[in-house]
Amino acid sequence: MSEGEHPRLILHNFLSPAECKELEFIHKSCSTIGYRPHVFSTTLSHLIATNSPHLIIPFVSIRERLKEKIEETFGCEFELFIEFTGLISWCRGASIGWHSDDNRPYLKQRDFAAVCYLNSYEKDFKGGLFRFQSGEPATVAPSAGDVIMYTADDRNIHSVDEVTDGERLTLALWFSRDSSHDEDSKLLTRLSQCTLHGLCLPLPASTNMYWFCPHRDVSNQDMGFDICFARLQLLGFGVHSLQGEDHSTDASEQLMGPLQIAKGGELLTRKFANVLHALQVVQFYNWKASELKTSNVENDTVEAISQPQLETINSLKSVFLPDENLVTTTFGYSCSNEDLKESLDLTGVSLAVTSWEEYTSKLLKVLLLSLPQWKTYQTIHKVESD
């Protein structure tokens, strides 16, 4: 650790590649518009609010490990509470100037920060270097699995260079000595209001939470795109809404109800509950493609697109993705693998549905097992199963 004037620590490979990939899957299938321009975020409270509380489970042991390491490093064992946990991605144009993490009256409770990198500088994005104003190291090039820990006060003033290409993915946590800012108790209140049974199908938040505008002018619908729609498009999939026949449905609501996905002149016959459901399955497929079994594929899962269906697909695209180039410049990486986009197909999505349901059920089971103990101790921690 860097001692004295600038207390900080950098640990390499703190997160495994598998942990990084799982958190990337969660972020790319659940994120909303972030707190700064060109930034997207996924908070734990948002996962609960959008009926995906089970997706908190992959964070549990990581949060515990980070808290223990921070307490050990900075000599404050059993003193800290996790104040905030969030996945944050920085896209082209995102940056932040010199600041400390407690530099606002409403942030004074923050004592320590931990930033985990989920992908790597130059490999997945360009720009986005992390810089400390003084002390060593002066510059940190993000590498998947690495974590930086530092005090949140003015001993560690830092900045992030502008991202010039790709999407820089991080898991950020802040820690406080003030128990009134304990994130766990707030999350447990929300979790106790959830109905946890059966399969959790995600429910989208309000549409404006997914509408990205490069210049923050949400009133100008032509200058922006829906990020759920865009992330499907980036992987080569279009959307066919099944609410198209109902002309009373407002255009912005078309992604909130039943829909199908399309690719290359074909349509997957399977229906999804809403765009978030489709996106979670497709991103799960993108994450697990190499592991999915290719057996038992039914031939009737895919059909040719009719002319009326094509018109619906194109009209949705004109509403939710008026400027395709903006999506590419925001999320796309010039060195990204076009072969990947080509390798993902509708038959694979059909296979992924079952695997996604098994994954969801498994996490939900762990959540249901853990919740009684979490409530008893008022902390979110790893519960050993019998």
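Worth saying up front: this structure is predicted, and the values here are computed from it rather than measured.

## Concerning unusual backbone geometry
1) Next: That bond from Glu136 to Pro137 is cis: its omega, -10°, falls within 30 degrees of zero.
2) Next: Counting through the fold element by element, Pro137 comes out in the loop between strand S8 (130-132) and strand S9 (139-140).
3) Next: You will see that Asn51, though not glycine, has its phi angle at about 60°, which is positive.
4) Next: You can see Asn51 is positioned in the loop between helix H2 (44-49) and helix H3 (57-73).

## Here's the deal with helix H4 (residues 183-191)
1) Next: Among all positions of H4, only Glu183, Asp184, Leu187, Leu188 and Leu191 are buried. What you see down the axis of H4 is that its buried residues fit within an arc of 130°, all on one side.
2) Next: Tucked inside the fold, the buried residues of H4 contact H2, H3, strand S4 (81-91) and helix H10 (346-377).
3) Next: Two or three places before Asp184, at the start of H4, stands the capping residue Asp182, its side-chain oxygen 3.1 Å from that residue's backbone nitrogen.

## Quick notes on the sheet that holds strand S11 (residues 158-160)
1) Next: Taken in spatial order, the 4 strands line up as S5-S11-S8-S9 in an open sheet, and their pairing is antiparallel. At either margin of the open sheet sits one strand with a lone partner, and together these are strand S5 (96-99) and S9.
2) Next: Pairing analysis gives 2 bridges linking S5 to S11, with the strands arranged antiparallel. In the sheet register, Ile96 faces S11, and the bridge partner there is Val160.

## Digging into the pattern of salt bridges
1) Next: With the rule as written, the count across this model stands at 16 salt bridges.
2) Next: Here Glu24 makes a salt bridge to Lys21, at a shortest N to O gap of 3.6 Å. Residue Glu24 and its partner Lys21 are both found in helix H1 (residues 17-30); the two are separated by 3 residues, about one turn of the helix.
3) Next: One salt bridge in this structure joins Glu291 and Lys288, with 3.7 Å as the shortest N-O distance.

Conventions adopted
- Here, residues in each chain are numbered from 1, in the same order as that chain's written sequence.
- With the structure being a predicted model, the display of local features is reserved for residues of pLDDT at least 70 and the display and counting of side-chain atom pairs for 80 or more, all residues being used for whole-chain, interface and lining totals.
- Side-chain numbers here rest on the full set of heavy atoms in the structure, without hydrogens or water.
- The helix and strand labels rest on DSSP assignments: H or I over at least four residues marks a helix, E over at least two residues marks a strand, and numbering proceeds from the N terminus.
- When a residue's accessible area, from a 1.4 Å probe over protein chains only, is under 20% of the maximum for its type it is buried; when over 50% it is exposed; and in between it is partly exposed.
- Here the arc refers to the directions that run from the helix axis out to each C-beta atom.
- Whether two residues are in contact is decided by their heavy atoms: any pair within 4.5 Å suffices.
- Between N or O atoms, a polar contact is any pair within 3.5 Å; within protein, one atom must be a potential hydrogen donor and the other a potential acceptor, and residues adjacent in sequence are included only when both atoms are from side chains.
- Pairs of strands are assigned from DSSP output, requiring at least two bridges between the strands.
- A pairing counts as a salt bridge when a side-chain nitrogen of Lys or Arg comes within 4 Å of a carboxyl oxygen of Asp or Glu.

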